[in-house]
Structure formats: C-alpha cells, structure tokens
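So the chains spell out like this:
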Amino acid sequence: MTTRQRHIAHLHLHAALNEAQYDAIVELMSGITPHVQAVPPNAVQLDLTSALRYFDLSPYDVVQLAMLRLKALYGIDSSAGLAGNRMLAAMAADASAPGDTTWVPAGQVGNWLYPRPVTALPGIGRATAETLSRYGLHTIGQIVDLPAGTLQRLLGVGPARLLAERARGHDPRPVIPSEPAAHLIADLVLERDCLDPAQHHRVVLGLADQIGQRLRGERQITNRLALTVRYADRSSTTHTRALPEPTNHSPALAVSALGLLNALGLQRARVRAFVIRADALLPADSAYHQLSLDPGDDRARAAEAAADRARRRFGPEAIRPATLAD
C-alpha cells in the first residue's frame with residue numbers, strides 16, 4: 001500500500017497581531033482545511049492533503065487562495081512555503097518574499113536543500129553553527145556528504161543523527177490543531193466590489209450550500225449561522241441567527257442565510273466579500289427533526305443525499321443547485 005503524499009503549507013503573516021486577531025486568522029484558515037496549527041506569534045501551518053479534492057485545485061493554487069483571503073479580508077500580506085512536511089514548508093516560507101510562495105516538490109528536496117546554509121535548518125544554535133564552521137561545514141549539502149561517524153565525533157551521536165535527518169529533509173511531525181473545530185466557515189472574496197443585490201443573493205446561496213455539504217461530510221449539524229459582509233473600505237457587518245432546529249440540510253441553511261442577508265439591507269453597499277460561519281456544532285446523530293406531513297421535504301433530503309454521493313465520486317462541482325448554475 002502506498003502512502004498518500006502530504007502537502008503542508010507554512011504562512012508567515014507580515015503583521016503585528018493581537019490574540020484576537022491571531023485567533024481570527026486561524027479560524028479563517030479552518031475554512032480551507034480543518035488541519036490548521038498555530039505557530040505563534042505570526043505564522044500558521046496547514047495540512048492541505050485532504051482539502052485538495054474538495055477545492056479541486058493544485059496545492060499551489062490552494063495556498064494562493066489562502067493568501068488571497070488573508071489579504072482581502074484582513075489586509076495582511078503573507079509569504080508562504082509549500083512542501084511535504086512541516087520543517088521544509090517553514091524553511092521554504094523563510095526563503096519567500098512577501099506575497100511569494102516557494103514550493104519544494106517531493107522530487108526536488110535534495111537539490112533545493114543542498115546549497116542552503118546549514119543555519120537554515122531548525123535547531124542549529126550558535127554553538128553548533130560555530131563547531132561546524134570550524135571544520136568548514138557551511139552548507140546542508142556538506143552535512144549530507146559527511147560520513148556519519150565524522151559528524152558524530154563532532155557533535156555527539158544524538159545531535160549528529162538528528163542533524164543528518166534534517167539535512168535530508170526528513171520531518172515526521174503532523175500538523176495538529178490546538179483543539180477540534182467548533183465551527184465551520186465558508187467565504188468568498190469577489191473579484192471586484194459588487195453593488196448587485198442579485199449577485200449578493202447568489203453568493204450567499206452558494207456559501208450556504210458549501211456549509212451544508214461540509215457539515216454532512218463531517219457528520220455534524222449546526223445550531224446557529226453568522227453572516228459577515230466586508231465592504232470596499234474594509235469595514236464589516238456581522239449578523240447572527242439561531243436556527244429553528246439543528247440541521248445540516250442545505251435548503252434550511254439557505255433560508256436562514258438569506259434571512260440574514262435581507263436583514264442587512266445591502267441595496268447600495270459596495271461589497272468585497274461574504275463569510276458564513278456555522279456555530280454550535282453537534283454530532284449529526286444527535287439531531288432532532290420536526291415531523292412534517294410534506295412529502296416534498298423527504299424527497300429533498302433524499303435528493304441531497306444522492307447529490308452528496310455523486311460529489312464524493314466525481315468531485316465537488318459534479319452537481320450544483322439550479323439557482324447557482326451559470
């Protein structure tokens with residue numbers, strides 16, 4: 001059995017963030033993947049492996065999506081690294097200018113590491129760097145080429161083995177979220193400021209459908225929705241609404257989301273982005289559903305289940321609501 005290749009992104013945030021702002025960034029990134037690890041004070045790491053099929057994008061394009069959301073929603077520039085493990089992703093981010101992404105594909109790790117200074121590896125302190133420098137060892141490639149016994153005589157057995165592993169680009173650590181997500185987020189940054197109420201309506205419908213799909217995929221339900229609208233001047237408005245009953249049914253979520261949209265009265269607002277957040281999540285098997293004599297409701301839920309099966313097999317765009325068809 002082959003092991004699925006991991007895709008880890010490390011984002012440096014070029015901004016001074018307070019605790020609330022940092023938490024908001026981690027929350028925003030959880031809309032891309034649930035596997036988000038905070039790296040204080042101003043970085044985050046994302047395991048994109050499970051998100052690639054959902055977005056139907058390359059790893060590089062998903063990173064660009066994350067950077068775009070940071071810039072559009074919070075005005076934060078970032079630099080990114082993309083690689084097969086956490087260490088390489090962080091090193092690649094260190095090598096990236098603001099706004100840029102450095103991707104180190106699996107087949108190019110050795111070539112990318114070889115000429116880099118040994119001090120670029122994590123855990124190389126001043127004393128270790130000076131010891132290596134005295135023996136003319138300045139690059140990662142020189143460490144790789146050095147016989148293991150020689151490196152052990154210089155540093156000791158344990159430190160030498162660890163340095164050799166890192167010099168070859170090995171890092172088994174997984175991305176571990178600080179705690180399970182208590183919410184889900186779907187958002188969309190518009191290509192240009194939008195005044196069209198019909199387009200606002202379509203966007204909110206699409207985001208509500210995304211939230212429903214993700215809730216059902218993770219076997220969760222939500223008790224509450226929040227809709228945040230960000231405007232051209234980067235100000236924002238948020239309205240929250242408790243749902244009549246906990247649900248993951250997309251039409252029910254759409255009704256509540258559109259109710260929040262109508263309450264905002266955006267007829268003349270220049271909108272840049274929409275964010276829908278599902279809060280108070282519960283396991284789906286704890287849901288209760290009000291009895292209904294309307295057979296149409298049962299048919300709608302059966303059709304929704306069939307559509308979910310088709311999306312899992314053929315991709316997230318295989319079936320879309322008719323109201324969102326181009």
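The sections below set out a description of the structure shown in this document. Just so it is clear, the structure is predicted and the values come from calculations on it, not from any experiment. (Residues numbered from 1 in each chain as written. Predicted model: local features only at pLDDT ≥ 70, side-chain atom pairs only at ≥ 80, totals over all residues. Heavy atoms only, no water.)

1. What about the packing of aromatic side chains?
This is how it is decided: Working definition: rings of Phe, Tyr and Trp (its six-membered ring) pair if their centres are within 6.5 Å, and the pair is stacked with planes under 30 degrees apart, edge-to-face with planes over 60 apart, and tilted otherwise. Put simply, DSSP H or I for four residues or longer makes a helix, DSSP E for two residues or longer makes a strand, and each gets a number counted from the N terminus. Residue exposure (1.4 Å probe, protein chains only): buried if accessible area is under 20% of the type maximum, exposed if over 50%, otherwise partly exposed. Two conditions define a charge located above a ring, namely a distance within 6 Å from the ring centre to NZ of Lys or CZ of Arg, and an angle within 35 degrees of the ring normal.
Enumeration according to the criterion identifies two aromatic pairs in this entry. Here Tyr54 and Phe55 contribute two aromatic rings whose centre-to-centre distance is 5.1 Å and whose plane-to-plane angle is 90 degrees, an arrangement assigned as edge-to-face. With a centroid separation of 6.4 Å and 20 degrees between ring planes, the pair formed by Tyr60 and Trp103 is classed as stacked. Of this pair, Tyr60 sits in helix α3 (residues 59-74) while Trp103 sits in strand β5 (residues 101-103), placing them 43 residues apart in sequence. Since its relative accessible area comes to 36%, Trp103 is described here as partly exposed. Across from the ring centre of Trp112, 4.4 Å away, lies the NZ or CZ of Arg116, which sits over that ring.

2. Some thoughts on the nonpolar core
Where a protein is soluble and globular, its nonpolar side chains tend to be buried together. Let me state the cut-off plainly: Among the buried residues, those of types Ala, Val, Leu, Ile, Met, Phe, Trp, Tyr and Cys that are joined through side-chain atoms within 4.5 Å form a nonpolar core. Here, two residues are considered to be in contact whenever any of their heavy atoms come within 4.5 Å of each other.
Counting residues in each nonpolar core, the largest one holds 30 residues, and the members touching the most others are Leu227, Leu266, Phe274 and Ile276. For this core, the secondary-structure elements that each account for two or more residues are β6 (184-194), α10 (197-217), β7 (220-231), α11 (250-264) and β9 (271-279). Excluding residues that lie within four positions of it along the chain, Leu266 makes contacts with His200, Val229, Tyr231, Leu261, Val271 and Phe274. With 29 residues, the next largest nonpolar core counts Leu13, Val63, Ala66 and Ala72 among its residues.

3. A word on α11
We apply this condition: Multiply 1.5 Å by the residue count of a helix minus one, and that product is the helix's expected span.
With 15 residues, α11 ought to run about 21 Å at 1.5 Å a step, and its terminal C-alpha atoms sit 21 Å apart, in line with that. Buried within α11 we find Ser250, Leu253, Ala254, Ser256, Ala257, Leu258, Gly259, Leu260, Leu261 and Leu264.

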